[in-house]
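Summary of the model geometry
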Amino acid sequence: MKVVAAYLLAKLGGNENPSVADLKKILESVGAEIDQEKIDLFFSLIKDHDVTELIAVGREKMAALSSGGPAVAVAAGGGGAAAPAAEPAAAEKKKEEEKEESEDDGGMMSLFD
């Protein structure tokens, strides 16, 4: 995540084509650990893509995800005995959704590990 953040900071700062050295300089300036493998992976994945397009695609994917906020609040606040039974089912559903998401990451999600 810090590699992506450093890249975007460089872009926002006016650098149209941030390099590996630019990212290292940004990360060093804040005392962050530099992981050369992740930097190399990041650049290999974005080399033929426009960053604004990647962000737009990511937003579409995030919009498709269900947050589950209201349903969880209703189940937890509705009754004392029903809530514990709902928790394992919700946890199981969440694990299933995570598994599905990780299968269709297009190779980009490993950047956030």
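Residues numbered from 1 in each chain as written. Predicted model: local features only at pLDDT ≥ 70, side-chain atom pairs only at ≥ 80, totals over all residues. Heavy atoms only, no water.

1. A few points about the environment of leucine 27
Tracing the backbone shows leucine 27 in helix α2 (residues 20-29). Relative accessible area serves as the criterion here: at 4%, leucine 27 is assigned to the buried category. Through-space distance from the C-alpha of leucine 27 to that of tyrosine 7 is 9.8 Å; in sequence the pair is 20 residues apart. The contact partners of leucine 27, leaving out residues within four places of it in the chain, are Lys2, Ala6, Ala32, Ile34 and Ile39. (Helix = DSSP H or I, 4+ residues; strand = E, 2+ residues; numbered from the N terminus. Buried < 20%, exposed > 50% of the residue type's maximum accessible area, 1.4 Å probe, protein only. Contact = heavy atoms within 4.5 Å.)

2. Observations concerning the packing of helix α1 (residues 2-12) against helix α3 (residues 36-46)
Between α1 and α3, the least distance of the axes is 10 Å, while the angle of their chain directions is 60°. Accordingly, the angle class assigned to the pair α1 and α3 is oblique. The handedness of the crossing between α1 and α3 is right-handed. Facing Val3, Val4 and Tyr7 of α1, the residues of α3 in contact are Lys38, Ile39, Phe42, Phe43 and Ile46. The residue inventory of the contact of α1 with α3, partitioned by class, reads 7 nonpolar, no polar and 1 charged. (Axes fitted to C-alpha atoms, helices over the stretch in contact; angles between N-to-C directions. Parallel < 35°, antiparallel > 145°, perpendicular 65-115°, else oblique. Left-handed = near helix turned anticlockwise from the far one by under 90°. Nonpolar A, V, L, I, M, F, W, Y, C, P; charged D, E, K, R; others polar.)

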